[in-house]
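# Secondary and tertiary structure notes
Given next are the chains, with one letter for each unit.
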Amino acid sequence: MKKIFIITGEYSGDIHASNVVKSLRALGCDLEIEGIGGVNLAKTGIKLFSNHEKMSSVGISAKILWNHFKLGKSLVDYLVKDYKPDLVLLIDYGAFNLSVAKFLHAAGIKVFYYIPPQVWASRKYRIKLIKKFVDKVLCIFPFEKPLYAQYGIDTHYCGHPLVSQLPLAANRREFFKKHGLDSDKKLVSVFPGSREFELKNLMEIFIKSVKVLQHKHPDLQFCMSQAPNLSDEVYQKYFKDCDIKLIKGENHGLLSVSDALILASGTVALEACLYKTPMIIAYRGPQILYWIYLLVRCIKRVSLPNIIADKSIVPELIQNDLTVTNIVYEIEELLYNQQKRDENISQLGRVKEFLSDKNSALEVAKVIDTELFS
């Protein structure tokens, strides 16, 4: 029996990995599968070498680096000496996965990379590492294929997973009724991120902005998305006297029924774009990390809708530009400047036209099936 091993490092990769496993089984592939993942990959019934407990950390510290080093060493030892897979599928999580790929390549293990590092956005030097240590890149953006082709890297365009996997928009009336929202008021929703690190840097300014908007516009109501990995207490300590409803585990519904969004960047911006919900991107972190980012970035745009469209559709308030005044102004423009709102929604709709309607996970499964069984 052929064997594969899947390596993910955080929640989104865990979801993509689980969909690949389901697609492989749907194709009838006779495979033994193990991996590193979270709850979604575990639910597929495969054996997990490790979960994400020591992986989904942000920042640079001795502890984080040591945890990654220990996990990487034990993983490589297991794959090379014991499990001996026919193929290892890396998913996202660039720093860790590229380090592991180096040792797997040296051991003669075939390595495929699904959702590779965004070398077009920052740290373009990584493309040389990919060329050296990765046998095939399974990319999700159409502009990535010619980029990798320039370097002679074997690449297959799979389409973006969100296009086929994103749930249909929620019924606004039913969603509002379920959560006790006022159907006569506009809804502004805040997505502050999924890590305590992000909340510490963003929640204070987000809450202040919500209070200003509440005071100026009684016709507005506010919700906040709660990440499934964080407790109620993590959020409640920031709220104080702010009237904002916390909603957990219904990101897609909340994205689709909101009139405007305040987002801490990430994949959620593309999800909102596919729902054609007007948004602003608002993000900041420690200044030293921002300076490092400025040194390694290749493009000035931050959000995926702007990057894909190659123009500024979504307002981006990053680092020093992230102020209460700027947040309030941009949200007011999206809600009350009807011409700007209509144009914004139209531009968001065009972004989807740049993306293929392929079933991304199924494409990955087909490539693996062809590689191992043809």
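Residues numbered from 1 in each chain as written. Predicted model: local features only at pLDDT ≥ 70, side-chain atom pairs only at ≥ 80, totals over all residues. Heavy atoms only, no water.

## With respect to the overall build of the protein chain
Here is the rule: Secondary structure counts use DSSP, requiring at least four H or I residues in a row for a helix and at least two E residues in a row for a strand, with both numbered from the N terminus. Only protein chains enter the calculation, and the probe is 1.4 Å; a residue is then buried if its accessible area is under 20% of its type maximum, exposed if over 50%, and partly exposed in between. Contacts are assigned to residue pairs with any non-hydrogen atoms lying within 4.5 Å of each other. Accessible areas in this description were obtained via Shrake-Rupley with a 1.4 Å probe; residue shielding takes into account the shown protein chains only. Neither His nor the chain termini are counted; the positive set is Lys and Arg, and the negative set is Asp and Glu. Charge positions come from single atoms, namely NZ of Lys, CZ of Arg, CG of Asp or CD of Glu.
A tally of helices and strands in the protein chain yields 17 helices and 13 strands. Seen through its C-alpha atoms, the protein chain measures out along the principal axes to roughly 65 × 40 × 40 Å. Considering the protein chain as a whole, with its 374 residues, one finds that 52% of them fall into the buried category. Residue pairs in contact within the protein chain that sit at least 24 positions apart in sequence constitute 65% of those at least 6 positions apart. Surface accessibility of the protein chain: about 17500 Å² in total, with carbon and sulfur atoms responsible for 51%. Mean positive and mean negative side-chain charge positions of the protein chain (49 and 40 charges, respectively) differ by 5 Å.

## Thoughts on the nonpolar core
Applied cut-off: Working definition of a nonpolar core: buried Ala, Val, Leu, Ile, Met, Phe, Trp, Tyr and Cys residues. They are joined through side-chain atoms within 4.5 Å.
Ranked by size, the top nonpolar core spans 94 residues in total, and within it Phe5, Ile7, Leu24, Leu89, Tyr114, Leu263 and Met279 carry the most contacts. Setting aside residues up to four positions removed in sequence, Leu24 forms contacts with Ile4, Cys29, Leu31, Ile33, Ala365 and Ile368. Counting residues in each nonpolar core, the second largest holds 33 residues, with Val188, Cys242, Ile244 and Ala264 among its members.

## Some thoughts on the side chain of His160
On the secondary structure map, His160 appears in the loop between strand S7 (155–157) and helix H7 (161–165). Excluding its chain neighbours within four sequence positions, the residues that come into contact with His160 are Ile140, Phe141, Leu270, Leu355, Lys358 and Ser360.

## Quick word on the sheet that holds strand S8 (residues 186–191)
This is how it is decided: When DSSP finds two or more bridges between a pair of strands, those strands are recorded as paired. Every axis corresponds to a line fitted to the C-alpha atoms, with the helix fit spanning only the stretch in contact, and the corresponding angles, defined between N-to-C directions, vary from 0 to 180 degrees.
Here six strands make up an open sheet; going across it, the order is S10-S9-S8-S11-S12-S13 and the pairing parallel. Each edge of the sheet is formed by a strand with only one pairing partner; in this case those strands are strand S10 (245–248) and strand S13 (316–318). Adjacent strand axes in the sheet meet at a mean angle of 20° when their direction is disregarded. Its contacts with the sheet place helix H9 (residues 196–216) against S8, strand S9 (220–226), strand S11 (260–263) and strand S12 (279–283), and it is angled at close to 170° to S9. Sitting on the sheet, helix H10 (residues 232–239) is in contact with S9 and S10, with an inclination near 145° to S9.

## Points about helix H1 (residues 11–26)
As a reminder of what qualifies: Here a helix's expected span is defined as the number of its residues, less one, multiplied by 1.5 Å.
Its 16 residues give H1 an end-to-end C-alpha distance of 23 Å, which sits within 8% of 22 Å, the value for a rise of 1.5 Å per residue. Among all positions in H1, only Gly13, Asp14, His16, Ala17, Ser18, Asn19, Val20, Val21, Ser23 and Leu24 are buried. One or two residues past the end of H1 sits Gly28, with phi positive at roughly 80°.

## With respect to the packing of aromatic side chains
One pair of aromatic rings is described through two measures. These are the centre distance and the angle between the planes. Under the convention used in this document: Aromatic pairs are defined between Phe, Tyr and Trp rings, using the six-membered ring for Trp, whenever the two ring centres lie within 6.5 Å; interplanar angles under 30 degrees are classed as stacked, those over 60 as edge-to-face, and all others as tilted.
A complete count under the given rule lists eight aromatic pairs for this structure. Between the aromatic rings of Phe5 and Phe49, the centroid separation amounts to 6.4 Å while the plane-to-plane angle is 70°, which identifies the pairing as edge-to-face. Of the two residues, Phe5 is situated in strand S1 (residues 2–7) and Phe49 in strand S3 (residues 47–50); the sequence distance between them amounts to 44 residues. According to the relative accessible area criterion, Phe5 is buried, its value standing at 0%. On the numbers, 5.0 Å between centres and 25° between planes, the contact of Phe49 with Tyr78 is stacked. Residue Phe49 is found in strand S3, and its partner Tyr78 is found in helix H3 (residues 62–83); the two are separated by 29 residues along the sequence.

## What to know about the pairing of S12
Cut-off, in case you're wondering: The handedness rule is simple: strands pointing away from the viewer, and a clockwise path from the first strand over the helix to the second, make the crossover right-handed.
Summarising burial for S12: four of the five residues are buried, a large majority. Of the pairings in the sheet, the one linking S11 to S12 comprises three bridges and is parallel in character. Following the sheet pairing, Ile262 is matched in S12 by Ile280. For the crossover from S11 across helix H12 (residues 268–274) to S12, the handedness is right-handed. Note: S12 against S13, three bridges, orientation parallel. Its bridge partner being in S13, Ile281 is matched across the sheet by Glu316.

## Considering the sheet that holds S3
Spatially, S3-S2-S1-S4-S5-S6-S7 is the arrangement adopted by the seven strands of the open sheet, whose pairing is parallel. Of all the strands in the sheet, the pair left with one neighbour each is S3 and S7. On average, adjacent strands in this sheet sit at an angle of 20° to one another, irrespective of strand direction. Bridge count between strand S5 (residues 111–114) and strand S6 (residues 136–139): three bridges; the pairing is parallel. Bridge pairing links Tyr114 to Leu138 in S6. Against the sheet, helix H17 (residues 360–373) touches S1, strand S2 (31–36), strand S4 (87–91), S5, S6 and S7, its axis set at about 170° to S5.

## Comments concerning unusual backbone geometry
Phi angles above zero are rare outside glycine, and Asp92 is one such case at about 55°. We note that Ile115 has phi near 60°; this positive angle belongs to a residue other than glycine. For Ile115, the location among the structural elements is in the loop between S5 and helix H5 (126–133). Judged by relative accessible area, which is 9%, Ile115 ranks as buried.

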